[in-house]
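Chains, contacts and geometry: an overview
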Amino acid sequence: MVDLHKKVDLASSQALMTQAMREARLEERVDKYDRAVIRFHFPDRVVLQGLFRPRETVYALEKFIKEHLEDKSVSFYLYTSPPKCLLKDPAKTLIQANLVPASVVYFGSEIHKDHYLSSSLLSNITSYTAADQVAIQSQPAIEQATHSSGSGGATGVSADNTKQIKRPVSNTSSPTSRAGTKVPKWFKTGKK
């Protein structure tokens, strides 16, 4: 409920924006980022990463995907999630589609296959960390200071079929798992 009140207060305190003001804000975003890092997730758990200019259109994304497909005649669609939003307007720029500075775009198709990408591309798979290095190197210098960047040769396109799962590390564990640790007075252990 408090969040709702904050949203209402924020919306009422902001001035209405004219179309010229919205376009000026859009131009600021264009000037801030040279490239956008787009990662395409395929149903076969392969990730294809590409670097695009912010003024490129959704059509450029579709063309990029089509170049790397094994069967170029496969009909497909691109979408972002959550919530599922189809990228169906090919004339929209990446900024208008809210894909700048980095985004994950999902590949969807009515035809189910074991793999969609060409075998020549699948033979050049790189690690997830190498793809991250390319993404970090493409960010502006201001944002690079917040990330720890390493050196390494990276290409503009990298694919990855490994999935990294980052789980939070918990410093607490159950009192019975460690021998010799103190147990709080209020904690009652069950009968063994």
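Residues numbered from 1 in each chain as written. Predicted model: local features only at pLDDT ≥ 70, side-chain atom pairs only at ≥ 80, totals over all residues. Heavy atoms only, no water.

Here the focus is the pattern of salt bridges. Following the criterion strictly, the structure yields 2 salt bridges and no others. In this structure, Asp132 and Arg39 form a salt bridge, with 2.6 Å as the shortest nitrogen-oxygen distance. With Asp132 in helix α5 (residues 128-138) and Arg39 in strand β1 (residues 36-41), the pair connects residues that are 93 residues apart, well separated along the chain. Residue Asp132 is classed as partly exposed on the basis of its relative accessible area, which comes to 23%. Assessed through its relative accessible area of 13%, Arg39 is described here as buried. (Salt bridge = Lys/Arg side-chain N within 4 Å of Asp/Glu carboxyl O. Helix = DSSP H or I, 4+ residues; strand = E, 2+ residues; numbered from the N terminus. Buried < 20%, exposed > 50% of the residue type's maximum accessible area, 1.4 Å probe, protein only.)

In the sheet, β1 pairs with strand β5 (residues 102-108) via 5 bridges, with the strands oriented parallel. In the sheet register, Arg39 faces β5, and the bridge partner there is Val104. Sheet topology places strand β3 (residues 77-80) next to β5; 3 bridges connect them, and they run antiparallel. For Tyr79, the partnering residue across the bridge sits in β5 and is Tyr106. (Pairing = 2+ DSSP bridges.)

Before going further, it helps to spend a moment on the packing of aromatic side chains. Per the counting criterion, the structure on display carries 9 aromatic pairs. Between Tyr79 and Tyr106, the aromatic rings sit 5.5 Å apart at their centres with planes inclined by 25°, giving stacked as the arrangement. Placement of Tyr79 in strand β3 and of Tyr106 in strand β5 is noted, with a sequence separation of 27 residues between them. With a centroid separation of 6.2 Å and an interplanar angle of 85°, the aromatic rings of Trp186 and Phe187 are classed as edge-to-face. Using a relative accessible area of 33% as the deciding quantity, one classes Phe187 as partly exposed. Every member of this aromatic cluster is reached through a ring pair, and the members are Phe42, Phe76, Phe107 and Tyr116. (Phe/Tyr/Trp six-rings, centres within 6.5 Å; stacked < 30°, edge-to-face > 60°.)

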